[in-house]
Every structure is written in structure tokens, then in C-alpha cells.
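Single-letter residue listing:
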Amino acid sequence: EIMSVHAKRNIEALKRSLVSYGTRVEETLVRAVDALVRRDVELAKAVMAADNELDRQEVDIEEECLKILALYQPVAADLRFVVAVLKMNGDLERMGDLAANVAKRTIVLAAESDLSTPVDFSVMADLSLSMVKRSLDALVNGDGRLARAVLADDDKLDDMRREAQNHIIEQIKRVPQRVESLMALSSVYRHLERIGDMATNVCEDVIYMLEGDIVRHSGARLPQD
């Protein structure tokens, strides 16, 4: 029984670590998007510099997970929680990488004042960030309904990306000498879409953690009445 008290304590600490990590990743994404919308090169460089710290935090959380699995051999809901944390941890780290990628492209785009953006960056970024924020809220509050609502938003993001991509392809045909800037623009839209994909992965893991349902590639993704 003492061991299970220790196990519970470690699992609670793991949850706090993941939430704190998620908050830092979310803040980094907000700064990356801010740099992008304002074409702020200094802020973009600061976002890129912060990526190493996020990578370190990911390694620490992974070690916490492996220690709990080795020491306590959790079962049922506790095991699902630790497995879900391992997966979410990787998705959060990739979000941090995507923030750094957006910042990198921002430095290229900052030099291009008259580049038309087919889909407003801030609209697409707002949706991506809202999905990240709600995925973390769903995790903290154990809220399966909220997690499913985030999954439903993923298609909107995909549509925006597709619209932007079609416009960029047309532009490359019309003004081939601007291909480098247009490819940077294309990358930003792809990264914003991927941030939404990572939030979607987190929500799928929240649902798995709460209900034991694996909702990737299944009808269980749909919001429940």
C-alpha cells in the first residue's frame, strides 16, 4: 500500500510536469505566431533560441515516465495515463520544433513586404493556438467532450491550408523568380496545420487515457451527444 501511495504521488508529479511543459510550449507558439504576424525578426530569433530548453524538458518527462513504469508497473487507468503522457510529450516537443520552424521562416518573410498572404496568418494561427490551448485544458480537466470538439476543428485547418497552397502554386507559376519567398510562405502554412495536427494527437491521447478508446482512424472521433 505504501508503494501505491508513492506511485500515485509520482503520477501526480508527472501530470504537473506535463502541464507545465504544455504551458511553456503554448507560450512559445504564441510568441512564434506573434513574431510572424508582426514580422518581428528579433522575437523570431528568441523563439528559435528557446527550443533547446523545450527539448531538455521533453527528455526529463520521458525519464519520469520510464521510471514509473519500471518501479511500479502500473495497470489499468494508471498505465493508460503514463502511456498517454509518453505520447503527448513527444507531440508537445514537436510543437516546439514547429514554433522554431515558423520563427525561421519569419526571418525570410520579414524581408518581403509586399508578399500577399492568401489566407490570413492570424486567422489560421488563432485556430491552431485555440486547438493547442483546448487540448491542454482537456488534458488538465480530464474532459473528453472538449477533446472531441478539438478533433472536429482539424478539418477547418486542413481546408485553410489547402486554399493557401493552391494560391501559392498559382503565384509560383506567375512569378517564378519569387519561388524562395513563396516556398517559405508555403512552409508557414504547413507548420500551422501541423501544430493543429499535434493538438489533435494530444486530444486522441486524452480520450484514450479517459476511456480506453483508440480514436485514430475510427468513428469514435466524432463528438458525442
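Conventions used here
- Residues numbered from 1 in each chain as written.
- Predicted model: local features only at pLDDT ≥ 70, side-chain atom pairs only at ≥ 80, totals over all residues.
- Heavy atoms only, no water.
- Helix = DSSP H or I, 4+ residues; strand = E, 2+ residues; numbered from the N terminus.
- Rg over C-alpha atoms; globule rule 2.2 N^0.38 Å.
- Buried < 20%, exposed > 50% of the residue type's maximum accessible area, 1.4 Å probe, protein only.
- Contact = heavy atoms within 4.5 Å.
- Salt bridge = Lys/Arg side-chain N within 4 Å of Asp/Glu carboxyl O.
- Axes fitted to C-alpha atoms, helices over the stretch in contact; angles between N-to-C directions.
- Parallel < 35°, antiparallel > 145°, perpendicular 65-115°, else oblique.
- Left-handed = near helix turned anticlockwise from the far one by under 90°.
- Nonpolar A, V, L, I, M, F, W, Y, C, P; charged D, E, K, R; others polar.
- Phe/Tyr/Trp six-rings, centres within 6.5 Å; stacked < 30°, edge-to-face > 60°.
- Expected span 1.5 Å × (residues − 1).
- Disulfide = S-S within 2.5 Å.

Participant: Lay out the overall build of the chain with the relevant residues and their values.
Facilitator: If you tally the helices and strands in the chain, you get seven helices and zero strands. The helix and strand sequence of the chain, counted from the amino end, reads α-α-α-α-α-α-α. Its C-alpha atoms give the chain a radius of gyration of 19 Å, within 12% of the compact-globule value 17 Å for 225 residues. Projected onto its principal axes, the C-alpha coordinates of the chain cover approximately 70 × 40 × 20 Å. Here the chain, with 225 residues, has 46% of them falling under the buried criterion. Of the contacts made within the chain by residues no fewer than 6 positions apart, 83% connect residues no fewer than 24 positions apart.

Participant: Can you explain the pattern of salt bridges? Please cite residues and give values.
Facilitator: Overall, the coordinates contain 16 salt bridges when judged by the stated rule. Across the pair aspartate 34 and arginine 38 runs a salt bridge whose closest N-O atoms are separated by 3.0 Å. With aspartate 34 and arginine 38 both in helix H1 (residues 2–38) and four residues apart, the pair spans about one turn of that helix. Here aspartate 34 falls in the partly exposed class, since its relative accessible area comes to 31%. Between lysine 173 and glutamate 170 there is a salt bridge, with its nearest N and O atoms 3.7 Å apart.

Participant: Residues and numbers for the environment of lysine 45, please.
Facilitator: Within the secondary structure layout, lysine 45 lies in helix H2 (residues 41–49). Its relative accessible area of 43% is what places lysine 45 among the partly exposed residues. For the pair lysine 45 and leucine 86, spaced 41 residues apart in sequence, the C-alpha separation works out to 29 Å.

Participant: Give a description of the packing of helix H5 (residues 121–141) against helix H7 (residues 179–211) that names residues and reports values.
Facilitator: In the contact formed by H5 and H7, the axes pass within 9 Å of each other and the chain directions differ by 20°. Put simply, H5 runs roughly parallel to H7. Our pair here, H5 against H7, has a crossing hand that is left-handed. Class assignment for the residues of the contact of H5 with H7 results in 17 nonpolar, four polar and one charged.

Participant: Please set out the packing of aromatic side chains residue by residue, giving values where relevant.
Facilitator: Taken as a whole and judged by the stated rule, the model has one aromatic pair. Note on phenylalanine 121 and tyrosine 189: the rings are 5.1 Å apart at their centroids and 35° apart in plane angle, and the pair reads as tilted. Here phenylalanine 121, found in helix H5, pairs with tyrosine 189, found in helix H7; they are 68 residues apart in sequence, far enough to count as distant. The exposure classification of phenylalanine 121 matches that of tyrosine 189, with both residues buried.

Participant: Which residues make up H5, and what values go with them?
Facilitator: Between its terminal C-alpha atoms H5 stretches 30 Å, which fits the 30 Å expected from 21 residues at 1.5 Å a residue. Note on H5: the residue one or two positions beyond its end, glycine 142, has a positive phi of about 55°.

Participant: So what about unusual backbone geometry? Which residues, and what values?
Facilitator: With a phi angle near 55°, arginine 39 is a residue other than glycine that sits in the positive phi range. For arginine 39, the location among the structural elements is in the loop between H1 and H2. Of note, the phi angle at glutamine 73 is positive, near 40°, even though the residue is not glycine. Locating glutamine 73 in the fold gives a position in the loop between helix H3 (51–72) and helix H4 (76–109).

Participant: Break down the side chain of histidine 191 for me, with residues and values.
Facilitator: As for its placement among the helices and strands, histidine 191 is situated in helix H7. The exposure class assigned to histidine 191 is buried, which follows from its relative accessible area of 4%.

Participant: Talk me through the environment of leucine 92; I want residue IDs and the actual numbers.
Facilitator: Along the chain, leucine 92 falls in helix H4. Along the backbone, leucine 92 and valine 132 are 40 residues apart, and their C-alpha atoms lie at a distance of 9.4 Å. Residues contacting leucine 92, with those up to four places away along its chain left out, are Leu18, Tyr21, Gly22, Val25 and Leu136.

Participant: Tell me about the state of the cysteines, and name the residues and values.
Facilitator: Evaluated as defined, the whole model comprises zero disulfides. Cysteine 65 takes part in no disulfide bond, and the closest cysteine sulfur, belonging to cysteine 203, lies 18 Å away. Cysteine 203 gets classed as buried once you look at its relative accessible area, which sits at 0%.

Scope: geometric values only; no functional claims are made or implied.
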